Amino acid sequence: MLRLGSVNYEVRGKIAVLTLDEPNKLNALTIGIRAGILEGLKRADHDDQIRVTVITGAGGKAFCAGADIGNFDFDPEKARAFFIEAMNVLTAPERALKPVISAVNGIAFGGGFELAIASDFIIAAESARFAVPEIKLGILPGFAIVRLGDIVGRAKAKEMSMLGDPVGAEEACRLGIVSRVVPDDALLAEALAFADRIASQPRLAVQMAKSFYNRGLGGDEMRHAIDGFPFLLTHADAREGIAAFREKRAPRFDKK
Ligand code: COA
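So, a few notes on the structure that sits alongside this text. Predicted, not measured: the structure shown is a model, and the values here were computed from it.

## Focus on a nonpolar patch on the surface
Consideration 1: Taken together, the side chains of L204, M208 and F212 make up a nonpolar region of the molecular surface, amounting to roughly 320 Å² of accessible area.
Consideration 2: By secondary structure assignment, the location of M208 is in helix α9 (residues 203-213).

Shown next as structure tokens:
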């Protein structure tokens, strides 16, 4: 097993398993997790032995709790640079040459949810919970705003983005977010079994299937989201929402 940043990289036959491993922060997208995701996906793409990558989270409680809220910078230039870098990481599964399966245990919130939907498939443990909770911080997600409507339909995407409430594994399956729901203790085995089935198919045809279905998913539509993020951060509601999270209290948003 290799340690790439805060991500464990393990080869299991034709499958690379990336385990996000900062459970004390619910595997939020810290510098170490971000570096490990990029490095791990690149390594898998460059290794001829590997056919499929599985991403999962260490610690049982979370797949990934999203952006590292403790490290947000309110300066617009820094915020924009941060957001571009973060989007590059959490959309990396979509750009990877080989199929990526997210095996989601527990919480997949914010950027963690986006990382999962940027994968080709999500296998969810019964305990999995998916949410776009940024609204509770006075901000918005970038990638989910662009893609979620295609997956769950526009109204449900708006509901998830405007309320920020979590959906459970079964509902996520009904909504088309998740491919299958499995018992918690069978999650990795089921994800590996699914990965093995894909790994036994002709490799180039599989990679081309991924590219064909992802055609047209360019980067241009992300521009609006990217430039919206630093703008939202200048609003008093975002400062209040983020301060409230850090201080572990309920936010008091502008009531006017
Ligand atoms: N960034 C940084 N740290 C995070 C985090 C994040 N996105 N999500 C959780 N953590 C940290 C908490 O601050 C806490 O650290 P502490 O023990 O040093 O205080 C630790 O992870 C455990 O989280 P906690 O909130 O105590 O767990 P919980 O079970 O009560 O709640 C959540 C779980 C997911 C509901 C809650 O952590 C949460 O709302 N996280 C933020 C999710 C989010 O908004 N993501 C999008 C960010 S743009």
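## Examining the packing of helix α1 (residues 31-46) against helix α2 (residues 76-90)
Consideration 1: At a minimum axis distance of 9 Å, the contact between α1 and α2 shows a crossing angle of 45°. Relative to α2, the element α1 is oriented oblique. The handedness of the crossing between α1 and α2 is left-handed. Residues R34, I37 and L38 of α1 lie in contact with α2, whose contacting residues are F82, E85, N88 and V89.
Consideration 2: Counted by class, the contact of α1 with α2 contains 4 nonpolar, 1 polar and 2 charged residues.

## A word on a negative patch on the surface
Consideration 1: On the surface, E126, E170, D184 and D185 cluster together into a negatively charged patch.
Consideration 2: Within the secondary structure layout, E126 lies in the loop between β8 (121-125) and β9 (129-131).

## Section: the sheet that holds strand β2 (residues 7-12)
Consideration 1: Across the sheet, which stays open at both edges, the 7 strands sit in the order β1-β2-β3-β4-β6-β8-β11 with mixed pairing between neighbours. Edge positions in the open sheet fall to β1 (2-4) and β11 (180-182), since each of these has one partner strand only. The average undirected angle you get between the axes of adjacent strands in this sheet is 25°.
Consideration 2: Inspection of the sheet shows β8 paired to β11 by 3 bridges, in the parallel sense. The residue bridging A124 from the neighbouring strand is V181, located in β11.

## Structural notes on the packing of aromatic side chains
Consideration 1: Taken as a whole and judged by the stated rule, the model has 6 aromatic pairs.
Consideration 2: Consider the rings of F121 and F194, whose centres lie 5.1 Å apart with planes at 85°: the pair is edge-to-face. Taken together, the residues span a long stretch of sequence, with F121 in strand β8 and F194 in helix α8 (residues 187-199) at a distance of 73 residues.
Consideration 3: With relative accessibility at 27%, the residue F121 sits in the partly exposed group.
Consideration 4: A relative accessible area of 12% means that F194 is categorised as buried.
Consideration 5: Within the aromatic cluster, the residues linked to one another by ring pairs are F72, F82, F83 and F229.

## Considering the side chain of N27
Consideration 1: Its place among the elements puts N27 in the loop between β3 (15-20) and α1.
Consideration 2: Here A58 takes part through its backbone oxygen, which lies 3.0 Å from a polar atom of the side chain of N27.
Consideration 3: The residues contacting N27, other than those within four sequence positions of it, are L20, D21, E22, I33, G57, A58, A62, F63, C64 and A65.

Rules behind the numbers
Residues numbered from 1 in each chain as written. Predicted model: local features only at pLDDT ≥ 70, side-chain atom pairs only at ≥ 80, totals over all residues. Heavy atoms only, no water. Patch = residues over 30% accessible without salt bridge, like charges linked within 9 Å, V, L, I, M, F, W, Y side chains within 5 Å. Areas by Shrake-Rupley, 256 points an atom, 1.4 Å probe, with all protein chains shown as cover. Salt bridge = Lys/Arg side-chain N within 4 Å of Asp/Glu carboxyl O. Helix = DSSP H or I, 4+ residues; strand = E, 2+ residues; numbered from the N terminus. Axes fitted to C-alpha atoms, helices over the stretch in contact; angles between N-to-C directions. Parallel < 35°, antiparallel > 145°, perpendicular 65-115°, else oblique. Left-handed = near helix turned anticlockwise from the far one by under 90°. Contact = heavy atoms within 4.5 Å. Nonpolar A, V, L, I, M, F, W, Y, C, P; charged D, E, K, R; others polar. Lys, Arg positive; Asp, Glu negative; His and termini not counted. Charge placed at Lys NZ, Arg CZ, Asp CG, Glu CD. Pairing = 2+ DSSP bridges. Phe/Tyr/Trp six-rings, centres within 6.5 Å; stacked < 30°, edge-to-face > 60°. Buried < 20%, exposed > 50% of the residue type's maximum accessible area, 1.4 Å probe, protein only. Polar contact = N/O pair within 3.5 Å; in protein donor to acceptor, adjacent residues only side chain to side chain.

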